[in-house]
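In case you want the letters, here they are:
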Amino acid sequence: MNEEISIEHEGVVHTAEYSIFDDVLTVYLPDGTTRDTELRGLKPESTARTHLRAYIQRNA
C-alpha cells in the first residue's frame, strides 16, 4: 500500500506517493520518475518529503 505526501510551494500543491519494500523507500514523483533510498533507520515520510522538495526545487 502506498502512502502520500504533499507540499505546498508558491500556492501550488505538489503530491508524491511512496512505498517501502524491505528497507528500500521508493518515491513516485509528479513527473512519473522514481527515487529509491535505502532507509537504514531513516524515517520514511521525512525521507520521501526530502525527495519531493528536491523535485520542486529542480522544477520551480
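Just above, that's the structure.
So, how was this worked out
Residues numbered from 1 in each chain as written. Predicted model: local features only at pLDDT ≥ 70, side-chain atom pairs only at ≥ 80, totals over all residues. Heavy atoms only, no water. Pairing = 2+ DSSP bridges. Helix = DSSP H or I, 4+ residues; strand = E, 2+ residues; numbered from the N terminus. Buried < 20%, exposed > 50% of the residue type's maximum accessible area, 1.4 Å probe, protein only. Axes fitted to C-alpha atoms, helices over the stretch in contact; angles between N-to-C directions. Contact = heavy atoms within 4.5 Å.

(A) Local environment of the pairing of strand E1 (residues 3-9). With seven bridges connecting them, E1 and strand E2 (residues 12-21) associate as antiparallel partners. Counterpart to Ser6 in the pairing with E2 is Thr15. If you look at the hairpin formed by E1 and E2, you'll find two residues sitting between the two strands, and Glu10 has a positive phi there, around 50 degrees.

(B) Molecular detail of unusual backbone geometry. With phi around 50 degrees, Glu10 is a residue other than glycine that occupies positive phi space. Looking at the element boundaries, Glu10 is found in the loop between E1 and E2. Since its relative accessible area comes to 71%, Glu10 is described here as exposed. A positive phi angle is found at Arg40, which is not glycine, with a value near 45 degrees. With respect to the element layout, Arg40 can be found in the loop between strand E4 (34-38) and helix H1 (44-59).

(C) Region of interest: the sheet that holds strand E3 (residues 24-28). Taken in spatial order, the four strands line up as E1-E2-E3-E4 in an open sheet, and their pairing is antiparallel. Whereas interior strands pair on both sides, the edge strands pair on one side only; in this sheet they are E1 and E4. Strand-to-strand twist in this sheet, taken as the mean axis angle between neighbours without regard to direction, amounts to 25 degrees. In this sheet, E3 lies alongside E2 in antiparallel orientation, the contact comprising five bridges. By the bridge assignment for E3, Tyr18 is matched with Val27. Lying over the sheet, H1 contacts E1, E2, E3 and E4, oriented at roughly 40 degrees with respect to E1.

So far we have only geometry, and geometry alone does not tell us how the molecule works.
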